[in-house]
Amino acid sequence: MVFTILTAADLHGTKLNYELDFGAPPSLPELRDRIESVFGAEAAARRPADVPNLPFVAHRMQTFDDRVELWVDLVNAHQLQDYSQVYVFQKETAWHKEVQSKIPPPVKPPLRASSPSGGARDAALAAAVHASSPHHAASLRTHDALAAQAQAHAAASAHAAGVAASYTPHHASPPPLHHHHHHLPPGHHPLTPTARDTAEYHALLARHSHSPQAALLPHHHAGGLPPLAAAQAHTPYGHASVPGVPSEATHAEKVRIVYDELDVGKIRVVHLEEWATLFDKVKLADYAGDLFVKADANKDGKVSFDEFSRFGEQYPTVLDALYYRLRDFWLVKKHDDSIEASQRTLAMLREKEAEARNMVAHAMVEVKEQEDRVRQQAAEVAAAQSRERDALAVLEAAAQETERCRAAVAQHAHDLQVCREKQAKLHVLENEAKREHETAHVRAQLAADETARALQRLQDIQRLLEEQQAEVAKRKEAETQLQADVLAAENRTYHAASALEDAAAETKMQADRLQISEQELMRAQERERECGMVHLQARDDAAKQLVRKEAIEHELLVAKETVARRQAAEEAAARSVDVQTKATKALQDESLELASKIAATRQDEGPLIASEVRLRHQRDALEAEEALLRTNHQTFHHNTGRANLPSPRGIIPSGTPSEFASPHRLPLI
């Protein structure tokens, strides 16, 4: 299953958004390493000329949270989902400022050679250091001779197949190998050939040379040397011989090799320009014109192979000088190339050492920043925990206030119930007093009616006056008593109404107090809920700060490990620079010694060449005089008639050349 993360960053003022694929959900260190690798390569490719080559470092990362629709800090791998959008912030410097612009649609990253970062950069640097070890330097010094061996095998195969050319020109080289470093394993560097590259190069050499030995050559650089450069590997200066080239070349081999070097156009003829060029190359330019005339036997302005073979027989010392000086020329060139390659390697190693030193300094700055972030995060965690404790204390106080309000509401509700019961009892008493008052009033009215009827009867029945007066007195007394009872009932009714009004006022007051208590209870419950939310938020903030602190502490540990690795790589790079410096110095000393020996040899060889040219000139002059003498002699015999006389036994016939006319009568010097 492919897990894709959309990653955006700002590179030199341009927003880039790449789709990074993983085989499984990555951890934050894995994501950081992949981002620094991909964006580091792209940053190096897009770097302007006035910006230094600084590594791409992910200083901070944020991801877009779809739930809250906001950018949040990426502190945990659980925040990542398939196709999550991540934005990477670099530390702002004089060469980098974040530009506010829209994030473009995501695309696949380009297939560039990823710039290693973190552990990958250290492994690559270690690989480059390993490649510059003494064994590797030795292989660089011996590679040219091995490449010459491959060219010699190729020439031998071509010659056996009937090809006229005897070697591949030194400017012809195998087609370049296209190395791919998009996915380098740990410990490899783009400047160091991998096993696959070496195998491809060996196979390529095997196809070109048709030789089993050629497939065993190491890969250093494309470019071959002619057979003469291969022959120079066997020199009197301590270099080993090369298979396919005789350790002691015969006269015929010297003629063929030197003529092949003269025949630049490979047309089997040599013109004066080619002749002069070679003689100038071997520091024999003073003899070029005269010797070309000597070699051009038929005087057609060019030297064929047969003419050069005859020239080699006539001038063996000059042939040896051409052969060995050409061999020394290529030997010096090989030494110069080795020194140049060693100096390039030394410059590369010094650059890597400086890069490693910069990376160590950068990593130490990152460690300091991480330590500051850890301290700051620890302070934030402590502050968050303090806020959580304060929120918990406020929550507990709010809960106690809520309980108090709840108890007060219950008490007020009980008091209200008691007041309502008392009010009901007083209402009953008031009703009873009203009924008693009404009853007393009715009785008083009845008594008044009886009194009126009694007076009426008194008036009607005067004769019963005495009896009725007594009755009237009694009735008046009863009426007085009843009126007193009415007044007492009215008083009781008034008191009952007053008590009822007091009870109603108290009930209303208790109802108001109950309403206020219920409102206070609602406010206390709302405050308790708010305090609970604050406490939960404070607890979540404290947990997030703690997680972030753990992540920063982990990043600090990773940064310290990176510093240790980079310091080790820097030390290894310094050791390699020292080793390569010594190797370069040894090559330079060896080249100076070789130049001194070649100069001494040429100084001793110069008189021999001059003597041979002088003697050969004298010999040619004598042969010309001898030929003229023989012509005059024959003419004399013909004119005197001696040519027709028989020759005595033991006398050489006139048409037979004498031993003095042989081109080999004089010893060669």
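Overview of the structure. (Residues numbered from 1 in each chain as written. Predicted model: local features only at pLDDT ≥ 70, side-chain atom pairs only at ≥ 80, totals over all residues. Heavy atoms only, no water.)

With that settled, the discussion passes to the packing of helix 6 (residues 251-262) against helix 7 (residues 272-281). Axis separation between helix 6 and helix 7 bottoms out at 9 Å; the angle between their running directions is 110°. The angle between helix 6 and helix 7 places the two elements in the roughly perpendicular class. Counted together, Val258, Glu261 and Leu262 of helix 6 and Glu274, Trp275, Leu278 and Lys281 of helix 7 form the full contact between these two elements. When grouped by side-chain class, the residues that make up the contact of helix 6 with helix 7 number four nonpolar, no polar and three charged. (Axes fitted to C-alpha atoms, helices over the stretch in contact; angles between N-to-C directions. Helix = DSSP H or I, 4+ residues; strand = E, 2+ residues; numbered from the N terminus. Parallel < 35°, antiparallel > 145°, perpendicular 65-115°, else oblique. Contact = heavy atoms within 4.5 Å. Nonpolar A, V, L, I, M, F, W, Y, C, P; charged D, E, K, R; others polar.)

This part covers the pattern of salt bridges. Using the criterion set out here, one finds 37 salt bridges in the structure. The shortest N-O distance in the salt bridge between Arg373 and Glu555 comes to 3.6 Å. Residue Arg373 is located in helix 10 (residues 316-460), and its partner Glu555 is located in helix 11 (residues 465-640); the two are separated by 182 residues in the primary sequence. Classification of Arg373 by relative accessible area gives buried; the value is 18%. Look at the salt bridges and you will find they share partners, linking Glu19, Asp21 and Lys108 into a network. (Salt bridge = Lys/Arg side-chain N within 4 Å of Asp/Glu carboxyl O. Buried < 20%, exposed > 50% of the residue type's maximum accessible area, 1.4 Å probe, protein only.)

Attention now moves to the packing of aromatic side chains. Overall, the coordinates contain 14 aromatic pairs when judged by the stated rule. Considering the side-chain rings of Phe39 and Phe56, the 5.6 Å spacing of their centres and the 20° angle between planes classify their relative orientation as stacked. With a gap of 17 residues between them, Phe39 in helix 1 (residues 28-46) and Phe56 in the loop between helix 1 and strand 3 (60-65) connect regions that are remote in the sequence. Both residues of the pair, Phe39 and Phe56, count as buried. Through pairs of rings, three or more aromatic residues link up here, namely Tyr259, Trp275, Phe279, Phe292, Phe305, Phe308, Phe311 and Tyr315. Against the face of Phe22 rests Arg34, its NZ or CZ located 5.2 Å from the ring centre. (Phe/Tyr/Trp six-rings, centres within 6.5 Å; stacked < 30°, edge-to-face > 60°. Lys NZ or Arg CZ within 6 Å of the ring centre and 35° of its normal.)

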